[in-house]
Structures are given as C-alpha cells and as structure tokens.
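Observations on the model geometry
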Amino acid sequence: MQELLYAAVMAFVIAILAGPVVIPMLRRMKFGQSIREEGPERHYAKAGTPTMGGVLILLALVVPSLIFSGNNPEVLLALFVTLGHGLIGFLDDFIKVVLKRSLGLKARQKLLGQIIMAVALSYIASIYFGRGTDLWIPVWGANVDFGALYYLLIFLVLVGTTNAVNLTDGLDGLAAGTTTVAALAYAVISLYFGKPHLALFCAALAGACLGFLRYNAFPAKVFMGDTGSLALGGALAAVAVMTKTEFLLVIVGGVFVIEALSVIIQVVSFKSTGKRVFKMSPIHHHFELSGWTETKVVTVFWLAGTLFAAIALSILAVSRAGGI
C-alpha cells in the first residue's frame, strides 16, 4: 500500500516539475491549439494554447511505473498499449498543429494503429499470460468464456475507451480529472484481483493526471491533445483487459460512456430526422450552451465520475460477498 502512495506522489511531482520545462518548449515550437469554428464561442480565446501536453502525463507515468514495478510483464504491456496510443495521438496532433492539416491522421490510419494495439493486447494477455478468453461478469461475480468473440470484444473495448476519453477532452481539466478518479478506482480493482503491480501503474496514472491538472485546470496553460487523451484511454482499457473487468470499465468510465453516447445519439438523430437532441455534442458543450460556466460543467462531471467509480466499487463488494 505504501508503494502505491509513493508511485502516485512521484508521478505527481514529476508532472509538476516537468511542466515549467515542457510547456514553454511546446510554445516555442508553436504547438498551439486550433479551436474548431463550430465550437462554443467562449473557446475562441483558447486558440494558441500549447497542446500535445500529454507528453507530460506519459513522462510522469512511465518513470514511477518502471521504478516500482521493475520488469513486471503486465505493467510493461500496459505501458506498451498506453505509449502506443500516445504515439498515434502524437502523430495526429503533429499533423494537425504543425503540418496544418485540420483532420490529422486519416480514420483508417488511426484504426490500423488501434487494431495493432488490440491484437497485441488480446494475444499477449490471453496466450502469454494465460489469461484465457473469459470475462468477469459484475454482480454475478463469475467468469464467462467468450471464445473467439473475446478478441472482437477487446478491440471494441480498446477503440471505444480511447475514443470516449478523446471526446471527453473538450474542457479544461475534464478528461484529466475524470481519468484520475477512474485510475484510483482501478487501483482498488487491481488489488482485488491480485494484481498489485497493475495497482501501482494505476496509482502512477492517477498521480500523473493530478499533477497535469496543475497546468490543465481552468484556465488551462496547456492541453493534453490526442497525445494524452488516446494514451489515457489505452491505459484504462489495458488494465481492464488484464483484470478481466471490461464490463466493469463501462461503469467506472461512466462519464466517458455518456460523452460518447451523446455524440452517437446526436449524429443518428440529425441524419435520420434532421433534428438535434443536444444543443451541441459531446454533452459537456450542451451544458455550456445551456448557461453553465466551464468550471461548473467540469466540477459536476468530476462528481459524476466519482459516483460512477463508487458504484463500480460497490458492485465489486457485492460480487466479493457472493454476488447473485
């Protein structure tokens, strides 16, 4: 338990100390954020704020993970998936910000990278670690073998989580704060399933996000960009896969799920009826346009994330007591 605290504190301190070095560097390299024209007008003032700050989170995550977990293969796999998605995000950010191509990587290029990550994660977890193709079912507290369908599910979990976190990253501190809560929940979940090294990884992830918030909370001095948001989604998905709690991730990451669903609902509604369900999607923009301040939206969503995490841990407790 002490080591979890040490890992979180070290990640937090690294992010805090690295900020004054990394942020000016990003500014000098003109890695400034472009604000989409269809977004809320109040966001126009954020144009030019350094982006790709996700490198801060990754640096703060990797160092304590390697120091406290050594060469633990599960942590190395989690880092591989996290950094792999971070690389995809970095390339996307670089193309958009530096090369001035607004769409960044093409959808099929992103998908190819995510497929490679999903294949590596599912194969190594199921074969090398002997994890099998079964998933743990919340409340019931039992494992069910999904056979070949398992590999498709892992791909959907990985792609779904990374894109959901990416969609959530639209307000100062929103994605970093909700990921902090989700990472802390998964530290507990990892301990429950006898994965102390993954718990250390989650503690370091929470510390890194919390340290990043020092510079990303309103008014943000730096944005994480796709470099950070895709990496954070990859980290959470990797831990969920290795603890066999993919279904529980839907609850832990309830805010991310709602953000993604709001976009899907908006698109389907507009294409089928020509009407919008929300004033703007993802849903955090709907609340902004309804008159909420940015800080109020972020605070409410953080609280919602905490509630979802508490529900997930309660379900874990019920399952431990024998389930249904």
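Residues numbered from 1 in each chain as written. Predicted model: local features only at pLDDT ≥ 70, side-chain atom pairs only at ≥ 80, totals over all residues. Heavy atoms only, no water.

So, on to the UniProt feature "binding site: Mg(2+)" (unreviewed entry) in the protein. Per the UniProt record, "binding site: Mg(2+)" (unreviewed entry) is annotated on Asn166 and Asp226. The annotated residues occupy 61 residues of the chain but converge on a single region, no pair of C-alpha atoms lying more than 6.6 Å apart. Checked against the element boundaries, Asn166 lands in helix α5 (residues 149-168). For Asn166, the residues in contact, after removing those within four places along its chain, are Asp226, Ser229 and Leu230. Secondary-structure assignment places Asp226 in helix α8 (residues 225-242). Among the residues examined, Asp226 registers a relative accessible area of 9% and is labelled buried. Other than its neighbours up to four places away in sequence, Asp226 contacts Gly89, Asp92, Asp93, Lys96, Lys110, Asn166 and Ala231. (UniProt positions renumbered as here; feature names shortened; annotations may be inferred. Helix = DSSP H or I, 4+ residues; strand = E, 2+ residues; numbered from the N terminus. Contact = heavy atoms within 4.5 Å. Buried < 20%, exposed > 50% of the residue type's maximum accessible area, 1.4 Å probe, protein only.)

Moving on to the packing of helix α2 (residues 54-69) against α8. Between α2 and α8, the shortest axis-to-axis distance is 7 Å and the interhelical angle comes to 45°. In terms of orientation, α2 lies oblique with respect to α8. Where α2 approaches α8, its residues Gly54, Val55, Ile57 and Leu58 are matched on the opposing element by Thr227, Gly228, Ala231 and Leu232. In terms of residue class, the contact of α2 with α8 is made up of five nonpolar, three polar and no charged. (Axes fitted to C-alpha atoms, helices over the stretch in contact; angles between N-to-C directions. Parallel < 35°, antiparallel > 145°, perpendicular 65-115°, else oblique. Nonpolar A, V, L, I, M, F, W, Y, C, P; charged D, E, K, R; others polar.)

On to the packing of aromatic side chains, then. Evaluated as defined, the whole model comprises seven aromatic pairs. With a centroid separation of 5.2 Å and an interplanar angle of 80°, the aromatic rings of Trp136 and Phe193 are classed as edge-to-face. Within this pair, whereas Trp136 is found in strand β1 (residues 134-137), its partner Phe193 is found in the loop between α6 (174-192) and α7 (196-216), the two being separated by 57 residues in sequence. Here Trp136 falls in the buried class, since its relative accessible area comes to 4%. Overall, Phe193 belongs to the partly exposed group, its relative accessible area being 24%. Ring-pair connections join several aromatic residues into one group, and the members of that group are Trp136, Tyr192 and Phe193. For Lys296, the ring lying beneath its charged end belongs to Trp292, and the centroid distance is 4.5 Å. (Phe/Tyr/Trp six-rings, centres within 6.5 Å; stacked < 30°, edge-to-face > 60°. Lys NZ or Arg CZ within 6 Å of the ring centre and 35° of its normal.)

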